[in-house]
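Working through the structure, step by step
Spelled out, the chains give:
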Amino acid sequence: MPVSSTDLIHHGYLPPAGFAGTQPGIFKASTVFFPNVAAMRQFEWKDKSAYTYGLHGTPTSYTLEERLCTLEGGLQCLLVPSGLAAIANVSLALLNSGDEVLIPDNVYGPNKALAQGELMHWGISHQFYDALNPQDLAAKITPKTRLVWLEAAGSVTLEFPDLIAQVRICKAAGVLCALDNTWGAGLAFAPFDLQPGAKMPLAVDISIHALTKYPNGGGDVLMGSVITRSEALHMQLKLCHMRLGLGVAANDVESVLRGLPSIKLRYTAHDEATRALAHWCQTRPEFAQVLHPALANSPGHRHWQVLCGGGPGTAAGLFSVIFKPDYSQAQVDAFCDGLKLFEIGYSWGGPVSLVMPYNLASMRAGWPAHLAHGTLVRFSIGLEAVDDLRADLAAALHLLA
Ligand SMILES: *Cc1c(COP(=O)(O)O)cnc(C)c1O
């Protein structure tokens, strides 16, 4: 008799327990089985004491959540399908009709778009504040303010805010603050201990992170995290996360688990190469301004020193240049097209260097006084040999002569 499909599905074999390898196993699930009906009724997913459904967590997702808490100094973590979904999870969980959210003027663009789209449609208002002026943030907090977004450094113009003053202002006003910590990645500074050694730890309430960038590191996975130290806040975020169905795929989680052990080495390598190239760009006559928080004349450099300093300090793999205004958009585009090693593409944190021109005028209400006039180009520095990248930049600049 040929085998019955039942015997293939309900197979009795269980491998011996205790397998140990470098990477944890991958557990994939929509359905998970309960041993009996009583267990089904009793099992609780909210405190992670049992498994009930793939969307509610698996050994694989729990493992990454714990490691990310270690990376950022948090206590509870949620995984979401992208960095942007992490932003949406926070704003949708915490804001109600009639509330207002404050957002830095140099924030990651889609955070603004969410505020101007869905949040506005649902009766949630927003104001943009000057990321370089804590007094502007303080002045914009009203009784309607429910949430303040923070970002250090701004993702295109890389101004570094006085994060410590900003968080203090939020605490004094009793308003929740959520940090987009993608740039710092848990490595440049500790979001839940902004002043190491202080008697009372100064912490953001929530840290979100595009794991798409450095934690994964391959440029091939989208994922985000939402980390807190407050159980009550975590539960509010988690219930919204569950209702929205923000599941992540186990194979993607595995990619991030593989990337995480080398994150510090990669971040350091990106940092060193980026600074070398930013310094070199400062010597070039084509640029009116080079934006990188570790450069002494970059906006917010002093605040970067305080938060990420100590020795040479720590920074991520991004810098931007503003071309002198005598270079036309067409010339700047030709420069970007002329680069051979830098690919034209969004995102960052992977092995391949990237370049992207930005239309700053369309991103800000007015041209910021601290930025030179001209076309802005952002570089994400990958893991190629820095001499090759410098030669590539020089060759593409030569096309402008
Ligand atoms: C990339 C990025 C995000 C969004 O991440 P995705 O995974 O691409 O959605 C959010 N914030 C910052 C600062 C980012 O750089």
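Residues numbered from 1 in each chain as written. Predicted model: local features only at pLDDT ≥ 70, side-chain atom pairs only at ≥ 80, totals over all residues. Heavy atoms only, no water.

By the naming in an unreviewed UniProt entry, the protein chain is Putative cystathionine beta-lyase, taken from Rhodoferax antarcticus ANT.BR. One UniProt comment on the protein chain, placed under Cofactor (unreviewed entry), says "pyridoxal 5'-phosphate". (UniProt positions renumbered as here; feature names shortened; annotations may be inferred.)

1. Side note on the UniProt feature "modified residue: N6-(pyridoxal phosphate)lysine" (unreviewed entry) in the protein chain
According to UniProt, the "modified residue: N6-(pyridoxal phosphate)lysine" (unreviewed entry) feature falls on K213. K213 gets classed as buried once you look at its relative accessible area, which sits at 10%. Non-local contacts of K213, meaning those with residues more than four positions away in its chain, are made with T182, S347, W348 and G349. (Buried < 20%, exposed > 50% of the residue type's maximum accessible area, 1.4 Å probe, protein only. Contact = heavy atoms within 4.5 Å.)

2. As for the pairing of strand β12 (residues 376-380)
Among the five residues of β12, five are classified as buried, and the element is accordingly described as predominantly covered. The alternating pattern of β12 places L376, R378 and S380 on one face and V377 and F379 on the opposite face, and all of these are buried. Across five bridges, the pairing between strand β11 (residues 354-358) and β12 is antiparallel. Each bridged residue has a counterpart across the sheet, and for P357 the counterpart in β12 is V377. (Helix = DSSP H or I, 4+ residues; strand = E, 2+ residues; numbered from the N terminus. Pairing = 2+ DSSP bridges.)

3. A closer look at the packing of helix α3 (residues 59-72) against helix α9 (residues 250-259)
At a closest axis distance of 9 Å, the pairing of α3 and α9 adopts a crossing angle of 35°. Crossing of α3 against α9: the hand is left-handed. Counted together, T60, S61, T63, L64 and R67 of α3 and A250, V253, V256 and L257 of α9 form the full contact between these two elements. Classifying every residue of the contact of α3 with α9 gives five nonpolar, three polar and one charged. (Axes fitted to C-alpha atoms, helices over the stretch in contact; angles between N-to-C directions. Left-handed = near helix turned anticlockwise from the far one by under 90°. Nonpolar A, V, L, I, M, F, W, Y, C, P; charged D, E, K, R; others polar.)

4. Comments concerning helix α8 (residues 231-244)
In this model, α8 (14 residues) spans 20 Å end to end at C-alpha, consistent with the 20 Å of a helix rising 1.5 Å per residue. Of the positions making up α8, those classed as buried are L233, H234, L237, K238, C240 and H241. In a view along the axis of α8, the buried residues occupy a sector of 165°, so they form one face of it. In α8, the exposed residues that point more than 90 degrees away from the buried face are A232 and R243. For α8, the secondary structure elements touched by its buried residues are β1 (76-80), α4 (83-94), β5 (176-180), β6 (206-210) and β7 (224-228). The distance from a side-chain oxygen at the start of α8 to the backbone nitrogen of A232 is 3.4 Å, and the residue carrying that oxygen is S230. Backbone geometry just after α8 places G245 at a positive phi near 70°. (Expected span 1.5 Å × (residues − 1). Arc of directions from axis to C-beta. Polar contact = N/O pair within 3.5 Å; in protein donor to acceptor, adjacent residues only side chain to side chain.)

5. Observations concerning the sheet that holds strand β9 (residues 318-323)
Backbone hydrogen bonds hold the strands of a sheet together, and the pairing may be parallel or antiparallel. Spatially, the five strands line up as an open sheet ordered β8-β9-β12-β11-β10, and their pairing is mixed. In the strand order of this sheet, the two ends are held by β8 (287-291) and β10 (343-344), each with one partner. Two elements, β8 and β9, share four bridges in a ladder whose sense is antiparallel. Looking at β9, one finds that Q289 is bridged to I322. Its contacts with the sheet put helix α10 (residues 263-282) on β8 and β9, and the angle it makes with β9 is roughly 15°.

6. Some remarks on the domain arrangement of the protein chain
Examined at the domain level, the protein chain breaks down into domain 1 (37-261) and domain 2 (263-398). The gap between the C-alpha centroids of domain 1 and domain 2 is 26 Å. Contact residues are listed per partner, giving 35 residues for domain 1 and 34 residues for domain 2. Taken as a group, V156, W183 and Y214 account for 26% of the area that domain 1 buries against domain 2, more than any other trio of residues on that side. Run the count over domain 1 and domain 2 and you get one salt bridge. The tally of links from domain 1 across to domain 2 stands at 14 residue pairs in polar contact (both at pLDDT 80 or more). Looking at the side of domain 1 that touches domain 2 residue by residue, the classes come out as 19 nonpolar, eleven polar and five charged. (Domains from an automatic or database assignment. Buried area = accessible area lost by both parts, 1.4 Å probe. Salt bridge = Lys/Arg side-chain N within 4 Å of Asp/Glu carboxyl O.)

7. Some details on the pattern of salt bridges
For the structure shown, the criterion picks out ten salt bridges. Residue K171 is joined to D205 by a salt bridge in which the shortest nitrogen-to-oxygen separation is 3.1 Å. A residue pair is termed long-range when its members are at least 10 positions apart, and K171 in helix α7 (residues 163-173) and D205 in the loop between β5 and β6 qualify at 34 residues. The salt bridge partner of R390 is D387, with a shortest N-O separation of 2.8 Å.

8. Points about the site of the ligand
In the vicinity of the ligand, the contacting residues are S82, G83, L84, Y108, E151, D180, T182, A210, T212, K213, L222 and W348. For the ligand, an oxygen atom lies 2.9 Å from a polar atom in the backbone of L84. A distance of 2.6 Å is found between a nitrogen atom of the ligand and a side-chain nitrogen or oxygen belonging to D180. When the free accessible area of the ligand is taken as 380 Å², the share hidden by the protein chains comes to 91%. Per-class residue counts for the shell around the ligand are five nonpolar, four polar and three charged. (Near = heavy atom within 4 Å. Areas by Shrake-Rupley, 256 points an atom, 1.4 Å probe, with all protein chains shown as cover.)

9. Examining the layout of surface pockets
For the largest pocket, the calculated volume is near 780 Å³. Taken together, 44 residues form the lining of the largest pocket, with V107, Y108, G109, P110 and S155 sitting closest to its centre. Mapped onto the lining of the largest pocket, the elements with two or more residues apiece are α4, α5 (109-121), β3 (125-129), β6 and α13 (360-363). Here the residues of the lining of the largest pocket sort into 22 nonpolar, 13 polar and nine charged. No fewer than three residues from each of domain 1 (37-261) and domain 2 (263-398) sit in the lining of the largest pocket. Volume-wise, the second largest pocket comes out at about 320 Å³. Looking at the second largest pocket, it is lined by 25 residues, and the ones nearest its centre are G54, L55, H56, G57 and S61. Elements represented by at least two residues in the lining of the second largest pocket include exactly α3, β1, α8 and α9. (1 Å grid on protein atoms, 1.4 Å probe; cavity = no way out; pocket = protein on both sides within 12 Å on 5 of 7 lines; lining within 4 Å. Points joined across faces, edges and corners; volume = space filled by probe spheres on them.)

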